[in-house]
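Residue-level listing of the chains:
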Amino acid sequence: MLSSKDLCLSLITCESEEEVITILKREKYWEDEDNWQFFGGDENNYSIIGNQQSKPETAIVEKIINSVDAMLMGECLTKGIKTESENAPKDIKDALVKFFNIDEGKLTNISVKERSN
């Protein structure tokens, strides 16, 4: 049986569900119910898992959008603005104007030099 570290390293290099299942079967984890539990201890939590993006390109776009959201929320906190308050920007354009002085909140309005900084 593989060490926990080697098992994890084997699993993260898998390119498909089938490869993961093959490794888990080979290591005797797949069919042993003692190795499995419901996510969050609740068998009805599939919606949390099933709600993830199914395509890699949409998943990466979501990550980029989430990182922008996190940056803008960080700016709110840095400036002492509660993110749910009336003082918080109402959308990304508003945040770009308020926090970064970007004309009309459009990234196309910044210079090439500003984009490279």
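Presented here is a report on the structure given in the accompanying data block. (Residues numbered from 1 in each chain as written. Predicted model: local features only at pLDDT ≥ 70, side-chain atom pairs only at ≥ 80, totals over all residues. Heavy atoms only, no water.)

So, about the environment of Ile92. Within the element layout of this structure, Ile92 appears in helix α5 (residues 92–100). If we ignore the near neighbours within four places in the chain, the residues touching Ile92 are Asp69 and Leu72. (Helix = DSSP H or I, 4+ residues; strand = E, 2+ residues; numbered from the N terminus. Contact = heavy atoms within 4.5 Å.)

A surface patch of nonpolar side chains, amounting to about 490 Å² of accessible area, comprises Ile60, Val61, Ile64, Ile65, Val68 and Ile92. With five residues, the single largest contributor to the nonpolar patch is helix α4 (residues 56–78). Summarising the element assignment, Val68 is placed in helix α4. (Patch = residues over 30% accessible without salt bridge, like charges linked within 9 Å, V, L, I, M, F, W, Y side chains within 5 Å. Areas by Shrake-Rupley, 256 points an atom, 1.4 Å probe, with all protein chains shown as cover. Salt bridge = Lys/Arg side-chain N within 4 Å of Asp/Glu carboxyl O.)

Bringing the side chain of Glu27 into the picture now. Secondary-structure assignment places Glu27 in the loop between α2 (17–26) and α3 (46–50). Owing to a relative accessible area of 8%, Glu27 belongs among the buried residues under this scheme. A polar atom in the side chain of Glu27 sits 3.2 Å from the side chain of Arg26. When residues no more than four places from it in sequence are discounted, the contact partners of Glu27 are Met1, Leu2 and Leu7. (Buried < 20%, exposed > 50% of the residue type's maximum accessible area, 1.4 Å probe, protein only. Polar contact = N/O pair within 3.5 Å; in protein donor to acceptor, adjacent residues only side chain to side chain.)

What follows covers the packing of α4 against α5. Direction vectors running N to C along α4 and α5 enclose 45°, while the axes themselves pass 11 Å from each other. Judged on the interaxial angle alone, α5 and α4 are oblique. Crossing hand, α4 versus α5: left-handed. From α4, Asp69, Met71, Leu72, Glu75 and Cys76 reach across to α5, where they touch Ile92, Ala95, Phe99 and Phe100. Residue composition of the contact of α4 with α5, grouped by class: seven nonpolar, no polar and two charged. (Axes fitted to C-alpha atoms, helices over the stretch in contact; angles between N-to-C directions. Parallel < 35°, antiparallel > 145°, perpendicular 65-115°, else oblique. Left-handed = near helix turned anticlockwise from the far one by under 90°. Nonpolar A, V, L, I, M, F, W, Y, C, P; charged D, E, K, R; others polar.)

On to the nonpolar core. In this structure, Leu72, Cys76, Ile81, Ala88, Ala95 and Phe99 together form the largest nonpolar core, which totals six residues. Secondary-structure elements contributing two or more residues to this core are α4 and α5. Aside from chain neighbours lying at most four places away, what touches Ala95 is Leu72, Pro89 and Phe100. (Core = buried A, V, L, I, M, F, W, Y, C linked by side-chain atoms within 4.5 Å.)

Now for the pattern of salt bridges. Inspection of every chain in the model, using the stated rule, returns three salt bridges. Here Glu27 makes a salt bridge to Arg26, at a shortest N to O gap of 3.2 Å. Between Glu104 and Lys106 there is a salt bridge whose closest N-O contact spans 3.4 Å. Residue classification places Lys106 among the partly exposed residues on the basis of a relative accessible area of 34%.

Scanning the model with the defined rule gives zero disulfides in all. With no disulfide partner, Cys8 has as its closest neighbouring cysteine sulfur the one in Cys14, 11 Å distant. Cys8 gets classed as partly exposed once you look at its relative accessible area, which sits at 46%. (Disulfide = S-S within 2.5 Å.)

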